[in-house]
Amino acid sequence: MQIILLHPRFTKARSVTLGSKHLMALFLLMAVTVAACSALVCWLVLRHAADADASPMFRKLAMSMSQQEDDRKEKYLKENLAMMAVKVGEMQAQMMRLDALGERVQGLAGIRPEEFNFKELPGRGGAEQSSRAGPGREVGMDELRRMLDSLAQDAGHRTDYLNAVESTLMGDKIKSRLLPTNQPVNVAYNSSSFGWRLDPFTGHNAFHEGLDFPAPVGTRIVAAAAGVVIASEYHYQFGNMLEIDHGNNIITRYAHASQLYVKVGDIVKRGQHVADVGSTGRSTGAHLHFEVRIRGVAQDPRKFLALGATGGNQPKQMPVFVAGR
């Protein structure tokens, strides 16, 4: 920048050239001057603010500045309260979801409601002052917001965890419902157990692959577990026979029936009436011959029925026994 100076005393015009350094120095000087004036005004306001009679102008200026600060704080407080209200609403929805999940998990786990009631607040307490940290302190707005954010995040994690637990428990319950643990006929004893016995027709030592439940002709036979009917036919040894597939390579067989009420492909429920006791096939009298097979190998039905009698769940690992003497 070039500045030209003209004056009657000058015999000729004079010029002054200002470079970028000169301009920066000039702007810096102006900024320092403005800052100094502002600091001086603030100092005068603070010095004479208390003297109402001597300096009413300064008092009005101080009141105006104080009002602006109060307005700024009130605006900040309202904005934070609005944000926290939204966060509290979200957390209330998450808590309702956690309560519903907790009650479902409680039912699946078999916990009694009086032992763990989600509707009641847990008891809490303790000393007002800690021997390690001393007396308590007030919680600021920023700290409270951070605590709410952390609590909302923890609630989300616990919701995910409870969903996973619920899925696992539901899967276990479904699997346990598919185990043949329900008594197929309502009688108190069996006439022939699983294992080696004397054959009633030949008198030879033979392995009996099921349980025989004696009952009058026409007594109801129910499914030991839910499943799909894979056989509903007459067998030359078993007479009128049903086979139900329960998944996991588990099959139950119901033999010597007088009537069959389901056909191949039917889906049956646990405890559903599927047949009536009879004495068809190779039989000496009215009874139900009941078998449990895993991968085609006969198992002792008593270990399954015992689980149903005691209310047990599915065993962690199902042992497979091969028939042998």
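Please read all numbers here as calculations on a predicted model, not as lab measurements. (Residues numbered from 1 in each chain as written. Predicted model: local features only at pLDDT ≥ 70, side-chain atom pairs only at ≥ 80, totals over all residues. Heavy atoms only, no water.)

Enquirer: Sorry, what's going on with the overall build of the protein here?
Expert: Regarding its fold elements, the protein presents four helices and 13 strands. Looking at the protein residue by residue over its 325 residues, the buried ones come to 26%. Contacts in the protein between residues at least 24 apart in sequence constitute 59% of all its contacts with a sequence separation of at least 6. Carbon and sulfur atoms make up 58% of the accessible area of the protein, which amounts to about 22300 Å² in all. (Helix = DSSP H or I, 4+ residues; strand = E, 2+ residues; numbered from the N terminus. Buried < 20%, exposed > 50% of the residue type's maximum accessible area, 1.4 Å probe, protein only. Contact = heavy atoms within 4.5 Å. Areas by Shrake-Rupley, 256 points an atom, 1.4 Å probe, with all protein chains shown as cover.)

Enquirer: Looking at this structure, how should I read the nonpolar core?
Expert: For soluble globular proteins, the rule of thumb is that nonpolar side chains tend to be buried together. Membership of the largest hydrophobic core comes to 28 residues, with the highest contact counts inside it found for F213, I221, Y254, V274, L288 and F290. Secondary structure elements with two or more residues in this core: β5 (211–214), β8 (239–245), β9 (250–260), β11 (273–277), β12 (287–294) and α4 (301–310). Take this core: its biggest share by element is four residues, from β12. Look past the residues within four positions of I221 in its chain and what remains in contact with it is P184, Y254, A257, Q272, H273, V274, A275, D276, V277 and L288. Residues L98, L101, V105 and L162 belong to the second largest nonpolar core, which totals five residues. (Core = buried A, V, L, I, M, F, W, Y, C linked by side-chain atoms within 4.5 Å.)

Enquirer: Got a minute to help me understand unusual backbone geometry in this structure?
Expert: Of note, H256 is a non-glycine position whose phi angle comes to about 70 degrees, a positive value. The residue R295 is not glycine, and still its phi comes out positive at about 55 degrees. In this fold, R295 is placed in the loop between β12 and β13 (297–299). Its relative accessible area of 60% is what places R295 among the exposed residues.

Enquirer: Is there a simple way to think about the packing of aromatic side chains in this case?
Expert: Here a ring pair, both rings aromatic, is described through the centre-centre distance and the interplanar angle of the planes. Using the criterion set out here, one finds three aromatic pairs in the structure. On the numbers, 5.4 Å between centres and 85 degrees between planes, the contact of W196 with F207 is edge-to-face. Taken together, the residues W196 in strand β3 (residues 195–198) and F207 in strand β4 (residues 205–208) connect sequence positions eleven residues apart. With relative accessibility at 40%, the residue W196 sits in the partly exposed group. Feature note: the residues F194, W196 and F207 constitute an aromatic cluster, connected by ring pairs. (Phe/Tyr/Trp six-rings, centres within 6.5 Å; stacked < 30°, edge-to-face > 60°.)

Enquirer: What exactly am I supposed to notice about the pattern of salt bridges here?
Expert: Pairs may arise between side chains of opposite charge once their charged atoms sit close together. Taken as a whole, this structure holds eight salt bridges when the rule is applied. The residue D199 makes a salt bridge to R282 at a minimum N-O spacing of 3.0 Å. You can see D199 sitting in the loop between β3 and β4 and its partner R282 sitting in the loop between β11 and β12, a full 83 residues away along the chain. For D199, a relative accessible area of 12% gives the class buried. Here R253 makes a salt bridge to E291, at a shortest N to O gap of 3.3 Å. Taken together, the residues span a long stretch of sequence, with R253 in strand β9 and E291 in strand β12 at a distance of 38 residues. Taking the relative accessible area as the measure of exposure, E291 reaches 2% and is therefore buried. (Salt bridge = Lys/Arg side-chain N within 4 Å of Asp/Glu carboxyl O.)

Enquirer: What is the right way to read the pairing of β3 from this model?
Expert: Consecutive side chains along a regular strand alternate between the two faces of the sheet. Two strands pair when backbone bridges link them, and β3 and β4 are joined in this way by four bridges, in the antiparallel orientation. Each bridged residue has a counterpart across the sheet, and for W196 the counterpart in β4 is F207. Hairpin connection of β3 to β4: six residues between the antiparallel strands, including G203 at a positive phi of 75 degrees. (Pairing = 2+ DSSP bridges.)

Enquirer: Any chance you could explain the side chain of E291 here in plain terms?
Expert: Polar side-chain contacts of E291 include one of 2.6 Å to the side chain of H289. At 2.9 Å, the side chain of E291 forms a polar contact with the side chain of R293. If sequence neighbours within four positions are ignored, E291 has contacts with E209, G210, F238, I251, T252, R253 and P301. (Polar contact = N/O pair within 3.5 Å; in protein donor to acceptor, adjacent residues only side chain to side chain.)

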